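One-letter residues, chain by chain:
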Amino acid sequence: MTLAVGRLAPTPSGRLHLGNLTAFAAAWLSVRQAGGELVLRVEDVDQGRARQEIEDSLREDLLWMGLTWDRETPRQSARDYQPALNLLRDRLYRCTCTRRELAARGGRCGCAHASHTEGAVRFRLAPGPRRVEDRAWGVREVPPDAMVDPTLVRRDGVPTYSLAVVWDDLCDGVTEVVRGADLLEFSGVQAQLWEALGGREPSWLHAPLILGPDGRKLSKSHGALELAAMRAAGWEPARLWPIVLSWLGLRAEGLEAAIPRFRPSGVPRAAVQLERLAPQALRWRWAEVTVGEG
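Residues numbered from 1 in each chain as written. Predicted model: local features only at pLDDT ≥ 70, side-chain atom pairs only at ≥ 80, totals over all residues. Heavy atoms only, no water.

Q: Would you mind showing me how to read the overall build of the protein chain here?
A: In terms of regular secondary structure, the protein chain is built from nine helices and 13 strands. Taken over C-alpha atoms, the radius of gyration comes to 19 Å for the protein chain, in line with the 19 Å a tight globule of 294 residues would show. The principal-axis extent of the C-alpha atoms belonging to the protein chain is close to 60 × 45 × 40 Å. Among the 294 residues that make up the protein chain, the fraction classed as buried is 50%. Within the protein chain, counting contacts between residues at least 6 apart in sequence, those at least 24 apart form 72% of the total. Both charge centroids of the protein chain, one from 39 positive and one from 37 negative side chains, sit 3 Å from each other. (Helix = DSSP H or I, 4+ residues; strand = E, 2+ residues; numbered from the N terminus. Rg over C-alpha atoms; globule rule 2.2 N^0.38 Å. Buried < 20%, exposed > 50% of the residue type's maximum accessible area, 1.4 Å probe, protein only. Contact = heavy atoms within 4.5 Å. Lys, Arg positive; Asp, Glu negative; His and termini not counted. Charge placed at Lys NZ, Arg CZ, Asp CG, Glu CD.)

See below:
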């Protein structure tokens, strides 16, 4: 029986917020329930945005909330991605399209058959829809118009997240990927990269998307919703966990109590709409429209 291996993969360009916490909690619970192994990987492939003080804060926040890991894998900035590119070489091509040209085509490149020798490196996806089986969403068919040939290397020669995250997961032995529901359709792209690299597609689980008071996905612009800011405002993990766990369909006072109750198929599909964060209260509601539907 294959050991379940999951991962926590924070990016040191922005502090952890409630959206990150929700997805990381689902990843932690899934692995702990399976008796598997959880790895920590710092995703700093974009060195221009990575900051050491942010990485220190990420680690502090994870440990504060009890999201422990079993081992740490090499950070992205220490990886060699050339072996992955060598494996994919028959499906790579150069793209010289500008951002304006890509925007006009809905992100689609017109260089697939142009034989350029310069520009960004893209991966040619197989034609047709892609079937993705998610442990919460069930079997989904990602249509071709929802998938765009991903850029694997930027014009300046820097590998992109699209290449790095799949190669890292393969190298780290990851068997299950847990993240936010906004990336559900992107799994159709990544599944093709997994196959082309000779790996076995992981199991997928997409946690509810957490929206800020402005209705947008949480980001570093929602400073009051960062864990560091909440801690400074007087929040404690024991008070925060029952709320976050309820977003995963659980009634539990803390992480350990939630392990035997966690059911991937019971993870809600609806997004969480945060209405207001005050020093003493977190107001939220389920969004009316589920992610990826309607």
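Now that the structure is up, let's keep going.
Q: Before we go on, may I ask you to explain the environment of Ala 84 in this structure?
A: Inspection of the secondary structure assignment puts Ala 84 in helix α3 (residues 82-88). With 116 residues separating them along the chain, Ala 84 and Arg 200 place their C-alpha atoms 15 Å apart. In this structure, Ala 84 is in contact with Leu 163, Trp 167 and Leu 197, ignoring residues within four places of it in sequence.

Q: Hey, could you run me through the side chain of Arg 130 in this one?
A: Inspection of the secondary structure assignment puts Arg 130 in strand β6 (residues 130-134). There is a polar contact of 2.8 Å between the side chain of Arg 130 and the side chain of Glu 195. Excluding anything up to four places from it in sequence, Arg 130 contacts Arg 140, Glu 141, Val 142, Met 147, Gly 188, Ala 191, Gln 192, Glu 195 and Glu 201. (Polar contact = N/O pair within 3.5 Å; in protein donor to acceptor, adjacent residues only side chain to side chain.)

Q: Would you take a moment to explain the sheet that holds strand β4 (residues 92-95) for this structure?
A: The strands that make up a sheet are held in pairs by hydrogen bonds between backbone atoms, and each pair lies either parallel or antiparallel. Strands sit in the order β4-β5-β8 across an open sheet of three strands; the sheet is antiparallel. In this open sheet, the two edge strands, each paired with only one partner strand, are β4 and β8 (151-153). Recorded for the sheet is a direction-independent mean angle of 45° between the axes of neighbouring strands. Of the strand pairs in this sheet, strand β5 (residues 120-123) and β8 are connected by two bridges, and their pairing is antiparallel. Across the sheet, Arg 122 pairs through a bridge with Thr 151, a residue of β8. (Pairing = 2+ DSSP bridges. Axes fitted to C-alpha atoms, helices over the stretch in contact; angles between N-to-C directions.)

Q: Looking at this structure, how should I read the sheet that holds strand β3 (residues 71-72)?
A: Read across the sheet, three strands follow the order β1-β2-β3 without closing on themselves; strand pairing throughout is parallel. Looking along the sheet, the strands with just one partner apiece sit at the ends: β1 (5-8) and β3. Examined bridge by bridge, strand β2 (residues 37-40) and β3 share two bridges and lie parallel to one another. Within β3, the position partnered with Leu 40 by the bridge is Glu 72.

Q: Can you help me understand the packing of aromatic side chains in this one?
A: Aromatic rings considered in pairs are described by the distance between their centres and by the relative angle of their planes. Scanning the entire structure with this criterion turns up two aromatic pairs. Relative to Trp 284, the ring of Trp 247 lies with its centre 5.7 Å away and its plane at 80°, an arrangement referred to as edge-to-face. Within this pair, whereas Trp 247 is found in the loop between α8 (237-246) and α9 (255-258), its partner Trp 284 is found in strand β13 (residues 281-290), the two being separated by 37 residues in sequence. On the basis of relative accessible area, Trp 284 is assigned to the partly exposed category, the value being 27%. Consider the rings of Trp 284 and Trp 286, whose centres lie 5.3 Å apart with planes at 90°: the pair is edge-to-face. You can call Trp 286 partly exposed: its relative accessible area is 34%. (Phe/Tyr/Trp six-rings, centres within 6.5 Å; stacked < 30°, edge-to-face > 60°.)

Q: Hey, could you run me through the side chain of Arg 32 in this one?
A: Structurally, the position occupied by Arg 32 is in helix α1 (residues 18-34). Of the residues examined, Arg 32 reaches a relative accessible area of 19% and is grouped as buried. Not counting residues up to four positions away in its chain, the partners in contact with Arg 32 are Leu 38, Thr 68, Trp 69, Asp 70 and Ile 259.

Q: It is not clear to me how the nonpolar core should be interpreted in this structure. Could you clarify?
A: Across soluble globular proteins, nonpolar side chains show a tendency to be buried alongside one another. Within the largest apolar cluster, 48 residues are counted, with the highest numbers of intra-cluster contacts made by Leu 18, Leu 29, Leu 67 and Leu 240. Elements represented by at least two residues in this core include exactly α1, β2, α2 (52-64), β10 (203-207), α7 (227-232), α8, α9 and β12 (270-278). Excluding residues that lie within four positions of it along the chain, Leu 240 makes contacts with Leu 18, Leu 21, Met 65, Leu 227, Met 230, Trp 235 and Leu 282. Ranked by size, the runner-up nonpolar core spans 28 residues in total, among them Val 5, Leu 125, Val 153 and Trp 204. (Core = buried A, V, L, I, M, F, W, Y, C linked by side-chain atoms within 4.5 Å.)

Q: Even after reading the chapter, I still don't get the packing of α1 against α8, so can you show me in this structure?
A: Interaxial distance between α1 and α8 falls to 10 Å at its minimum, and their mutual angle equals 80°. Looking at the two axes, α1 sits roughly perpendicular to α8. Residues Leu 18, Leu 21, Thr 22, Ala 25 and Leu 29 of α1 form the contact with α8, whose participating residues are Leu 240, Trp 241, Val 244 and Leu 245. The class makeup of the residues in the contact of α1 with α8 is eight nonpolar, one polar and no charged. (Parallel < 35°, antiparallel > 145°, perpendicular 65-115°, else oblique. Nonpolar A, V, L, I, M, F, W, Y, C, P; charged D, E, K, R; others polar.)

Q: Explain the environment of Pro 83 here, please?
A: Mapping Pro 83 onto the fold places it in helix α3. Residues Pro 83 and Arg 15, 68 residues apart in the sequence, show an inter-C-alpha distance of 32 Å.

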